[in-house]
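Residue-level structure breakdown
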Amino acid sequence: MVDVFVPNAAGEIPEWIRSLPPGVTPLVTGADPATLELRPGDPGHVLSTARLDELVELRPRDLTITVGAGMRVGRLQEIARAEGLWLAVEGPGEQLSAGGLVSSAAAGSFDASRGPLRRQLLACCEVSPSGDLLRWGRPVVKNVAGYDLPRLMCGSRGRLGVLTELTFRLWPRQPVRRTYRLEAEESTAHAAAALATADAGDPDAATWRWSATGGEELTLTLLGNEAAIQSRERDLSRWAESLGIEVTEEAEAEFRGRGENGSGREAGGGAFKVPGRPQRSSSSFVFRLSTKRDYLAAILERFTAHLEAETAGFEAYPTGGVAVVWLQGDEPANRRAAPRWLHSAAVPLAVRIAVERGGPEEHAAVLTRRAPGERDLEERVVAALGGWDRHWLADYL
Amino acid sequence: MSSGTGRVRACLPPVSRPPSVDRMTALQPLPVECRSALRAVVGRDWVIVEPDRLLAYESDALTTLRGSPIAAVLPHDREQLIGVVRVLHGARIPYVPRGAGTGLAGGAVANGAVLICTARMTRILDVDPEARTVLVEPGVVTDDISEAAAPHGLRYLPDPASGVACTIGGNVAMNSGGPHCLKHGVTSDHLVELEVILPDGTPVELHRGEDGGLDLVGLFTGGEGTLGVVSRARVRLAPVPGAVQALLALFESVASAGKAVSDILAEGILPVALEMIDRETIAVVEASVYSAGIPTDMAAALVVECEGTPAGVLADLARVAEVARSNGAREVRLAGDEEERLAIWQARKKAYGALGRLAPDVLVQDAVVPRTALAELLQAIEEITRRHGLRLASFFHAGDGNLHPNLLFDRRDGDQVERVQEAGREIMELCVATGGTITGEHGIGLDKIRYMRLVFGPAELAAQRRIKEALDPHALCNADKMLPPPGHDECRRPAIRDT
C-alpha cells in the first residue's frame, strides 16, 4: 500500500515528513499522483506537489516570477509571455513541473547564450528532510550573501528536501526571434559538429535532433533587433554555404508551436517534416551528456555511426556542449546495453553522463565514473543538510 | 581583545570563534616548528613573519577593517599550496586565503591567523580556443585572462571594477560581478570546473553536477574561502563582439533615471551594462582628471553599453535614447568613437578613486533591490544620510538593482563614525525590507556579518554552519567570516580601528 500525500500548502509538509518512519526516503514528484507509474522497488511514501501550482508573485518590471513547485513550466511560460517575458528554458525541461525542472537541472537550447537553469533560479523555499521550512536566495538578480544554496538545489534531484516555491529570473522578449532550419543532402550532423567549434556567428540557440522515426533536423535561433538579425543572418548564410548547407527560415508560429507549450511533438508526426522530441513515457529513459564544445563534435560523429534501434531520440545543443539521449527502455537488453554504449562512446572523450530519467540502477552505473574525492565531498554536504540518501529522478518530477 | 604582543592594538570584534580556534589565541606568534615547516615548503623568503612586513597584509581594500596576521605565506604552485595547508592543518593553526587583497568586505583580514596569499600562482596553464575555456592558477589577474584569450578572438566576460589587479581566486571566493554582469552574469556563471584544497589539505576537483551530482562548484563559489582554497579554475571564454558602443543619458531627477532603467529592459533591449551615477559623484568626477564633460547640475547620469553587430548595436542604442528622452533625459550622448566610449566609462570606473577628494574614508554598501524600487530607495537613502548629517555619493549597477551608496566620513571623528554605522544599518534594513539583499558582489566577509540575520533565519544559518563544519571540522579555514557564530544573534559590526 502506497502512502500518497498531496498537500494543499507547503505548511502541511513538515508534519508529514516528520511522521515518516525512520530511514525512509519518500518519492517526491510534481506530477499528478494518478499519472504515476511506480516501479518495483519504488518507495511506499509519495509526496506530490501538484497542488502547489499557484502563481505566488509576478513582478514583470523586475523580471522575476515566483511560483509553486507544482506549476508546470509550460503554464509558467504562458504567464510570462502575456507580459512580454520568458523563462530562458527551452528543451526537455519544459515538460516538467517547476520543482522538477530545478531538481533535474534539465539542459536547454538557450543554456549557452542565457545561462543554464542555475542562472535562472534566484530563490527557493524547501522543506528539509528534517522538516524545517527553509528559504534560500532573494527575489533579486544578484546575491552573494551566504552559501549559494539555490545553485546547489539545481540538479539535486530531491536529495536536499522538498522544493515548494521557486523564484526565477525572466528575460524580456526581444523584438525579433527568427529560427532557421539547416538542411543538407545527407546529414546535418557535420554542421552541428562544426557549429560547436566554428564561428558561425554564435546563434542564441542551436539544436540538432534525431529520432528513429522522424529523421533529423538542425535549427538555429537568433534573437535581437531587426538590424542585428539581418546582419547575423548574412554571416550564418555565408557559413552554411561554405559547408554546402541550405538555410531556410522557419515560420515562427511553426517553431513556437513545437516546444513552448511543453507538450513536445510526436516524431515525424503531423505536417512537419522535422522530428519532434520523444514523448515522456515510463518505458524510456534519458541520459544527458556534457562535454567540451569541441568534443561534442566527436560525440555526434560517433553517435551517427551508432544509430540503432534502441535509440528513440537524440537532442544536442552544440553551442552548450550538451546532448540528451532518449533510449527505449522497454527492452531489457537495451537497458543493459545503453550504459555500455554510452561509456564506450563517451569515456575516451571526457564526457560526463547524468541520468535524467531512469532508475537508481542506471544512476548508480553512471556515477561510477565520478572521482572519489568529489563523491565523498558531496556525501558530506548532503549529510550536513540532513539530505535523503537516494536519487529519485526526473521521470517523477 | 588583548594584543598579546603590544605591537598593534587589535580591534576586531569580540566575535567568538569555535573552540578549536580559540586554542590558537589571536596574535600568538607562529610556532617555530611551524614556521620551519612552512619554509621547507615554500622557501625561506616566502614566509613573512616580520611585523613591519606584515603591516601590508593587515587589510584588504576595505582598509577600515584591520587585523594582524601572525604570518603571510606565499606558495608558488599547487604543490606548495597543498603543502602549506597540510602544515597548518596539522598544527591546527587557522588561516585565511587571500588573492590580491582587493576585496571590499574584510574577507581577507587574518587576525591572529596565517594568510595564504596565492598572488604568486600566476600561471595560465591552458588556453583551449576550441572548447573556449582557459585553465588558470588562482593568482592570475582577472584582466590577464582576456589578454591571453584575445589572440583567439575570445575574452573572459566577468569584469569586476578592480579587474586590473584582482585575481581569479578572489573572484571565485567572492563570486565577483562587475558592470557587465547585467547580461553576462557573475563569476559563478563562467566557471567550468575548480580544483580546491580542502581544509585538511586534500585536493579535489569539482564540477557542475553534469554527472547528476550536486553543483559543488556553485557551492564553493562565493563561499568566501571558508570551505577551502582554490588551486585551479577552468573558466569559460566567449567571442569578442563585432561592436561595442556606449551612451550617456543625463537626467534632472533620480526618479526619472530610475524609471528609464526599468523601461529600457521592458523594451526587450538587453544592454551589457546599465550604470547610474548620482549628482554628488558627477560633481567630484567632473572636478577630477576623469571629467567626461557632464554638467554638474544633473541629478543622475546613466551609462548604457550594448554589444553585438555594428548595425544591431546602433539600433539598440537608438531605442535606448528614445526611452531615455521619453523619461525626461535632458541630454543623450552617443559615444562617437572608442575614445569617447572610454571617456564615458572613466566617469563611472574612476568615481571611487575620485571620492578621496571629498573625504578621507568611504563606507561602501553593496545592497541589491528590485529594480522598480530604485528611485524610491535612492530618495530614502538620501534622507537617511541627511538625517545623520553625512555626505553620500552613489554610483552603481542600476540594471541589476545593485546599489553602491558610499557614505563619506573621517575615521578620526568618532561621532561621525558612529553616525556612519547607524546610517549604514538603516540603509541595509531598508533594502532588505523591499525584498532585496545585503550584498550583490562584494561578499559578507567581516563587514556584513551583523546583517546576515536580516536575510537568513536561525534554521538557514544553522544549515550553512553544518556545511562549514562538515568540510572544516577544526574551523581553520577563514573561520570567522561570513557566518555569524552560533549564539550571536546580535553580532556587532567590527569596530573601526584608529590607525
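Analysis parameters
- Residues numbered from 1 in each chain as written.
- Chains lettered and ligands numbered in written order.
- Predicted model: local features only at pLDDT ≥ 70, side-chain atom pairs only at ≥ 80, totals over all residues.
- Helix = DSSP H or I, 4+ residues; strand = E, 2+ residues; numbered from the N terminus.
- Rg over C-alpha atoms; globule rule 2.2 N^0.38 Å.
- Buried ≥ 20, exposed ≤ 12 C-beta atoms within 10 Å, placed from the backbone.
- Contact = placed C-beta atoms within 7 Å.
- Core = buried A, V, L, I, M, F, W, Y, C linked by C-beta atoms within 7 Å.
- Pairing = 2+ DSSP bridges.
- Axes fitted to C-alpha atoms, helices over the stretch in contact; angles between N-to-C directions.
- Nonpolar A, V, L, I, M, F, W, Y, C, P; charged D, E, K, R; others polar.
- Expected span 1.5 Å × (residues − 1).
- pLDDT = per-residue confidence, 0-100.
- Parallel < 35°, antiparallel > 145°, perpendicular 65-115°, else oblique.
- Left-handed = near helix turned anticlockwise from the far one by under 90°.

**Some details on the overall build of chain B**
The secondary structure content of chain B amounts to 17 helices and 18 strands. In terms of overall dimensions, chain B is globule-like: its C-alpha atoms have a radius of gyration of 23 Å, near the 23 Å expected for 499 residues. Dimensions of chain B, computed from the C-alpha atoms along their principal axes, are close to 70 × 60 × 45 Å. Residues counted as buried form 59% of the 499 residues belonging to chain B. For chain B, long-range pairs separated by at least 24 residues make up 73% of all intrachain contacts whose partners lie at least 6 apart in sequence.

**A closer look at the nonpolar core**
One finds Val 102 of chain A together with Val 73, Val 114, Ala 249, Ala 301 and Leu 302 of chain B to be the most contacted residues of the largest nonpolar core, which totals 254 residues. Leaving out residues up to four positions away in the same chain, Val 73 of chain B has contacts with Leu 38, Val 42, Trp 46, Val 47, Val 84, Val 114, Leu 115, Ile 116 and Cys 117 of chain B.

**Considering the sheet that holds strand β8 (residues 191-197) of chain B**
Residue and element names in this part refer to chain B. A sheet is described by the order of its strands in space; here 5 strands give the open sequence β5-β6-β10-β8-β9, paired in antiparallel fashion. Pairing within the sheet leaves two strands with one partner each, and these edge strands are β5 (124-128) and β9 (203-206). Within this sheet the neighbouring strands show an average axis-to-axis angle of 10 degrees, counted without direction. Relative to strand β10 (residues 229-236), strand β6 (residues 133-136) runs antiparallel, the two being bridged by 4 bridges. Note that in β10 the partner of Val 134 across the bridge is Val 235.

**With respect to unusual backbone geometry**
Residue and element names in this part refer to chain B. Phi is positive for Arg 92, which is not a glycine, with a value near 55 degrees. Tracing the chain through its elements places Arg 92 in the loop between α4 (78-91) and β3 (95-98). With a phi close to 45 degrees, Asn 478 is a non-glycine residue in the positive phi region. Checked against the element boundaries, Asn 478 lands in the segment after α17 (458-471).

**Remarks on the sheet that holds strand β1 (residues 47-48) of chain B**
Residue and element names in this part refer to chain B. Spatially, 4 strands are ordered β1-β2-β4-β3 in an open sheet, and the strand pairing comes out mixed. This sheet does not close on itself; its edge strands, each paired only once, are β1 and β3. The pairing of strand β2 (residues 71-73) with strand β4 (residues 114-117) spans 3 bridges and is classified as parallel. By the bridge assignment for β4, Ala 72 is matched with Leu 115.

**Some thoughts on the interface of chain B and chain A**
At the interface, 69 residues of chain B touch 66 residues of chain A. Counting only elements with at least two residues in the side of chain B that touches chain A, the list comes to β9, α8 (216-220), α9 (254-266), α11 (310-326), α16 (452-455) and α17 of chain B. No other element matches the 8 residues that α17 of chain B contributes to the side of chain B that touches chain A. When its residues are assigned to classes, the side of chain B that touches chain A shows 28 nonpolar, 28 polar and 13 charged.

**A few points about helix α12 (residues 338-349) of chain B**
An ideal rise of 1.5 Å per residue puts 16 Å on 12 residues; α12 of chain B measures up with 16 Å between its terminal C-alpha atoms. Among the residues making up α12 of chain B, those that are buried are Ile 344, Trp 345, Ala 347, Arg 348 and Lys 349 of chain B.

**Looking at the confidence of the model for chain A**
A residue-level look at chain A finds 75% of positions with pLDDT of 70 or above and a mean pLDDT of 80. Overall, residues 253-277 of chain A carries pLDDT values under 50, and its contacts beyond four positions in sequence, including any with other chains, amount to 48 contacts.

**Quick look at the packing of helix α2 (residues 32-42) of chain B against α4 of chain B**
Residue and element names in this part refer to chain B. Running from N to C, α2 and α4 cross one another at 170 degrees; their axes reach a closest spacing of 9 Å. The angle between α2 and α4 falls in the class roughly antiparallel. Of the two elements, α2 crosses α4, and the hand of that crossing is right-handed. Between α2 and α4, the contacting residues are Cys 34, Ala 37, Leu 38, Val 41 and Val 42 on the first element and Gln 80, Gly 83, Val 84, Val 87 and Ala 91 on the second. Class assignment for the residues of the contact of α2 with α4 results in 8 nonpolar, 2 polar and no charged.

**Here's the deal with α9 of chain B**
End to end, α9 of chain B covers 19 Å across 13 residues, agreeing with the expected 18 Å (1.5 Å per residue, within 8%). Most of α9 of chain B sits out of view: 10 of its 13 residues are buried. The elements touched by buried residues of α9 of chain B are β10 (171-172) of chain A together with β12 (243-251), β13 (273-278), β14 (300-308), α11 and α14 (374-387) of chain B. Following α9 of chain B by one or two positions, Gly 268 of chain B adopts a phi angle in the positive range, close to 85 degrees.

**Topic: the environment of Ala 206 of chain A**
Note on placement: Ala 206 of chain A falls in strand β12 (residues 205-211). Remark: the alpha-carbon pair of Ala 206 of chain A and Thr 221 of chain A, spanning 15 residues in sequence, is separated by 6.4 Å.

**Structural notes on the packing of α9 of chain B against α14 of chain B**
All names here are of chain B. The interhelical angle for the contact between α9 and α14, taken along N-to-C directions, is 150 degrees, at an axis separation of 8 Å. It follows that α9 is roughly antiparallel to α14 by the angle criterion. As for the relative orientation of α9 and α14, their crossing is right-handed in sense. Only Leu 374, Ala 375, Leu 378 and Gln 379 of α14 make contact with α9, whose side of the interface consists of Val 254, Ala 255, Gly 258, Lys 259 and Val 261.

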